[in-house]
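Breakdown of the fold
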Amino acid sequence: MTPAGGTTRHCRQLPFTIMAHRNSRARWPRPTLLLRSMAPAEVVTWAVRSGQLPLTSMASAENEVCTVRSVACPSQTWRPQKVQCGLSGAGQVPFTNMAAGVEGRGGVWMGSRADGPRTSGHVTGKMAVFPWHSRNRNYKAEFASCRLEAVPLEFGDYHPLKPITVTESKTKKVNRKGSTSSTSSSSSSSVVDPLSSVLDGTDPLSMFAATADPVALAAATDSSRRKRDRDDNSVVGSDFEPWANKRGEILARYTTTEKLSINLFMGSEKGKAGTATLAMSEKVRTRLEELDDFEEGSQKELLNLTQQDYVNRIEELNQSLKDAWASDQKVKALKIVIQCSKLLSDTSVIQFYPSKFVLITDILDTFGKLVYERIFSMCVDNRSVLPDHFSPENANDTAKETCLNWFFKIASIRELIPRFYVEASILKCNKFLSKTGISECLPRLTCMIRGIGDPLVSVYARAYLCRVGMEVAPHLKETLNKNFFDFLLTFKQIHGDTVQNQLVVQGVELPSYLPLYPPAMDWIFQCISYHAPEDYINCAEVWVEYTCKHFTKREVNTVLADVIKHMTPDRAFEDSYPQLQLIIKKVIAHFHDFSVLFSVEKFLPFLDMFQKESVRVEVCKCIMDAFIKHQQEPTKDPVILNALLHVCKTMHDSVNALTLEDEKRMLSYLINGFIKMVSFGRDFEQQLSFYVESRSMFCNLEPVLVQLIHSVNRLAMETRKLMKGNHSRKTAAFVRACVAYCFITIPSLAGIFTRLNLYLHSGQVALANQCLSQADAFFKAAISLIPEVPKMINIDGKMRPSESFLLEFLCNFFSTLLIVPDHPEHGVLFLVRELLNVIQDYTWEDNSDEKIRIYTCVLHLLSAMSQETYLYHIDKVDSNDSLYGGDSKFLAENNKLCETVMAQILEHLKTLAKDEALKRQSSLGLSFFNSILAHGDLRNNKLNQLSVNLWHLAQRHGCADTRTMVKTLEYIKKQSKQPDMTHLTELALRLPLQTRT
């Protein structure tokens, strides 16, 4: 095995984008891989790793370090650094001239001593002409020898996909002097009640109540606010229908004849009076014990009550609340409110629930009013009276402390529903603590409702929150809207098993159950619509989403038609583009099946209302973005194609001279996404017709044209795959039409390297489909385009030298030329000769070695061409190894060309014999040595002597890396042990390692 051609990593430098190995001959790889837009190096990496591509026989000018069974390959270790390219050209040497001689320091010469060349710094003499002899390659053996040995993997107990096992561990609590921290960890799954620790005085509410300074807390809260409530909007106007007007209607409509039950509080004297001298924690403990006493047994359940008895009992509780408050039994009053709030979680008689809600919320309203008036009275003394729209600064410390105390008590209620209702009832009291307290509590309470599982209970809780919210902050519309949309999300629960089983148990049908919702929904709608913009389009914007979520396309079409009807007269749509855009976004967000979307009769007429170009383009971008995200399978639906072609055409026509590159890139991405999703199956002619039409429609966007060329090439390869390489007259004509499409389209592109790569790519496709003359035309066009490559090109907005990109392209081109057969009417290797002439005439930069690296690659190519059987082939295409059959005249021409290339390389090495270029000379000398080692027949004495001279040249001035030289020599010694490489033993003896000293 040779170092340059026998390593997996090495072939990345010469990508073979179209060749795959198949025994002694090769076939074309899968077209999906061929036409995928990946870097050439990535293609080869995949091919080698997957076994589709053997190792290349051609080493590039830049090889990489690799290992073959842990032995370093020396030809990969020299890898010189790239030289930055300048603008000026280098002096040219005619390609046909042979190097006659080299004088001066660093020259390559033919020594007369058998033991190697002289080692002095100056050499005077005439450079010999070195004939080239390619060594015969056994690619199969080389490929097998460079395979990595399979090593069994032992994961042991660890595997990244293995579930993590958590081991329980407990650490004793350790108190250290001077430290208040402690360490404790446990994986116990038991749930600890955070309020159960109240008895030892360590619960967070007790600690906070004992240490928090209400004034400091309010000041700290105010400092972090960014929004302020507006006092002038804190009261609703007379045009808002109050809840009291709806109360009687609900009670009269929702009645029941079934028996009801109620839990009555029996009364307790524990909370009548407290000792003033008790500590704060003792007060909290006492009151929580009273609440626990209420929850655990100080209540009585009354059964078999009629509706009127139930109403009477509720009114008694309301009066008991007032009496307890008047007698300063605040804890008893709180117990009554909590008890009543719990009744709202009971839906055992579901038809009566709306009336129950009305009765219970009356008690909550009473409680909230009593608490507010008590705290307000604390702020009033003989010297001052609070104004109607007071601020927290006007409230004294006593009022604030009392207000906080009420919120702390309510926070201790364990059950969700009573805690929510009681806190909502005193929401207005937040005005004593902070200007933004209400605006912060409303979203939190809205989120609390999400924890209520019964959809009927939750919707009435939302109605109550909207009611108290409108009383204290009617301008906070965000919370109202959030409650509405949360209801829409939970509405589907009525079809769940829980609700359906409950209805079955109570013998209630769904038509009788649904009318229980309107009282709550009517109130929520009234709150949302109060002082909302009286603009039709704003209402339509909200309702279209509801229609899309819960109805079919027929109803959506009705809404769109109604919008068109209202917005078309007097061109009213021109003032409502933002709302119309939102309508479109909501429609396409819910219709992921575009065949259904475009079958909505009024959808496209709706788009016609966007007559302002910038707005119309934005809408089209939204549609295409949704299509790319949600369209899972390719389509040929004519409705979708016609509609999206119109949308894409609208985007394309918006491009002008002032359009930014980022905008062009985005539009191209969206249009390409559409093109990729169009497939007519095996109707290839229809597919090609679509690509022809697309080319005429999107001619101003270069990335779209590039995508079309790749798509047509893929189409040709799919045709080849379908026919298994045996084209009929019809399919042969079709693939030639595809090739002609590409040949015509490529010249219209602006990017020079885009054109070069597409010429090469399309030529490879033509060659795979046995279109030899068309392939030659592509390759000739690429060769003729090389002189036009500028010295600097724009890459992502930055000007960079182009020589490295040209080198990459040419290496790819050389790999293709290996299997291109010669034309019978032209000379031997006519394409290679034309390419070499272009390379020779190209103006390279003065301090650049790219030209020599290219010549080195050419030498690898010519060496591969001299083999009896080539490394890879294209199925049903005879390459030169079959055409010439190892003819001596062909090999002689090949060797002459090699000698000419070698002369150019040696001539360039001579020009580097200067102090500032010695490092480059050493690097290129070692590179040339590796190329000869990999591809030359070192049994030839002259070639063997040249390799020894290059070895010494690489080390002569101390520029070579010692480690690299050592690994290279070790590799040569290893290779010499192979049966057909014994001549390397003598070579290794003639390659001494020189130290820099």
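Residues numbered from 1 in each chain as written. Predicted model: local features only at pLDDT ≥ 70, side-chain atom pairs only at ≥ 80, totals over all residues. Heavy atoms only, no water.

- Named according to an unreviewed UniProt entry, the chain is VPS35 endosomal protein-sorting factor-like originating from Macaca mulatta.
- In the Sequence similarities (unreviewed entry) part of its UniProt record, the chain is described as follows: "Belongs to the VPS35L family."
- In its Subcellular location (unreviewed entry) section, the UniProt record describing the chain reads: "Endosome". (UniProt positions renumbered as here; feature names shortened; annotations may be inferred.)

1. Quick look at the nonpolar core
- Counting 168 residues, the largest nonpolar core has Leu580, Ile583, Phe603, Phe606, Phe674, Phe814 and Phe928 as the members making the most contacts within it.
- The contact partners of Leu580, leaving out residues within four places of it in the chain, are Ile537, Val563, Phe573, Phe606, Met609 and Phe610.
- With 98 residues, the next largest nonpolar core counts Leu260, Val349, Ile360 and Ile413 among its residues. (Core = buried A, V, L, I, M, F, W, Y, C linked by side-chain atoms within 4.5 Å. Buried < 20%, exposed > 50% of the residue type's maximum accessible area, 1.4 Å probe, protein only. Contact = heavy atoms within 4.5 Å.)

2. Considerations on the packing of helix 37 (residues 918-935) against helix 38 (residues 941-955)
- Where helix 37 contacts helix 38, the two axes come as close as 8 Å, and the packing angle between them is 150 degrees. The angle between the axes of helix 37 and helix 38 places the two elements in the roughly antiparallel class. Considering the relative orientation of helix 37 and helix 38, their crossing is left-handed. Residues Gln921, Ser922, Gly925, Leu926, Phe928, Phe929 and Ile932 of helix 37 form the contact with helix 38, whose own contacting residues are Leu943, Leu946, Ser947, Leu950, Trp951, Leu953 and Ala954.
- Residues that form the contact of helix 37 with helix 38 fall into these classes: ten nonpolar, four polar and no charged. (Axes fitted to C-alpha atoms, helices over the stretch in contact; angles between N-to-C directions. Helix = DSSP H or I, 4+ residues; strand = E, 2+ residues; numbered from the N terminus. Parallel < 35°, antiparallel > 145°, perpendicular 65-115°, else oblique. Left-handed = near helix turned anticlockwise from the far one by under 90°. Nonpolar A, V, L, I, M, F, W, Y, C, P; charged D, E, K, R; others polar.)

3. A short note on the pairing of strand 8 (residues 798-801)
- Note that strand 7 (residues 792-795) and strand 8 share four bridges and pair antiparallel. Across the sheet, Ile795 pairs through a bridge with Lys798, a residue of strand 8.
- In sequence, strand 7 turns back onto strand 8 through a hairpin of two residues, with Asp796 there showing a positive phi of about 55 degrees. (Pairing = 2+ DSSP bridges.)

4. Some thoughts on the environment of Ser711
- Along the chain, Ser711 turns up in helix 28 (residues 702-723).
- Residue Ser711 is classed as buried on the basis of its relative accessible area of 3%.
- Sequence separation between Ser711 and Leu688 is 23 residues, and the spatial gap between their C-alpha atoms is 9.1 Å.
- Once residues within four sequence positions are removed from consideration, Ser711 is found in contact with Ile675 and Tyr691.

5. Overview of the environment of Gly797
- With respect to the secondary-structure elements, Gly797 resides in the loop between strand 7 and strand 8.
- Note: C-alpha distance between Gly797 and Glu661 (136 residues apart in sequence) is 9.9 Å.

6. Things to note about helix 19 (residues 536-550)
- Helix length check: helix 19, at 15 residues, gives a terminal C-alpha distance of 21 Å against a target of 21 Å (1.5 Å per residue), a fit within 8%.
- Three or more residues of helix 19 are buried, namely Ile537, Ala540, Glu541, Val544, Glu545, Thr547 and Cys548.
- Buried residues belonging to helix 19 abut helix 15 (477-490), helix 20 (553-567) and helix 21 (577-590). (Expected span 1.5 Å × (residues − 1).)

7. Things to note about the packing of aromatic side chains
- Applying the stated criterion across every chain yields a total of 42 aromatic pairs.
- Centroid distance Trp243 to Trp523: 5.4 Å. Interplanar angle 85 degrees. Geometry classified as edge-to-face. Here Trp243 is found in the loop between helix 5 (214-223) and helix 6 (244-253), whereas its partner Trp523 is found in helix 18 (residues 518-529), with 280 residues between them in sequence.
- Take Trp243: its relative accessible area is 10%, and that puts it in the buried class.
- Here Trp523 falls in the buried class, since its relative accessible area comes to 2%.
- Note on Tyr372 and Phe376: the rings are 6.1 Å apart at their centroids and 25 degrees apart in plane angle, and the pair reads as stacked. Here the residue Tyr372 and the residue Phe376 both occupy positions in helix 10 (residues 353-378), the gap between them amounting to four residues, near one helical turn.
- When its relative accessible area of 25% is taken as the criterion, Phe376 is described as partly exposed. (Phe/Tyr/Trp six-rings, centres within 6.5 Å; stacked < 30°, edge-to-face > 60°.)

8. What about the side chain of Ser863?
- Tracing the backbone through its elements, the reader meets Ser863 in helix 34 (residues 850-865).
- Ignoring sequence-local partners within four residues, the contact set of Ser863 consists of Trp132, Ser134 and His935.

9. Observations concerning helix 16 (residues 497-506)
- Those residues of helix 16 that fall on the buried side of the exposure criterion are Val499, Gln502, Leu503 and Gln506. Looking straight down helix 16, one finds that the buried residues subtend no more than 100 degrees of arc, so they occupy a single side. Facing away from the buried side of helix 16 by over 90 degrees, the exposed positions are Asp497, Val504 and Val505.
- Where helix 16 is buried, its residues touch helix 14 (455-472) and helix 17 (510-513).
- Phi turns positive one or two residues past the end of helix 16, at Gly507, with a value near 70 degrees. (Arc of directions from axis to C-beta.)

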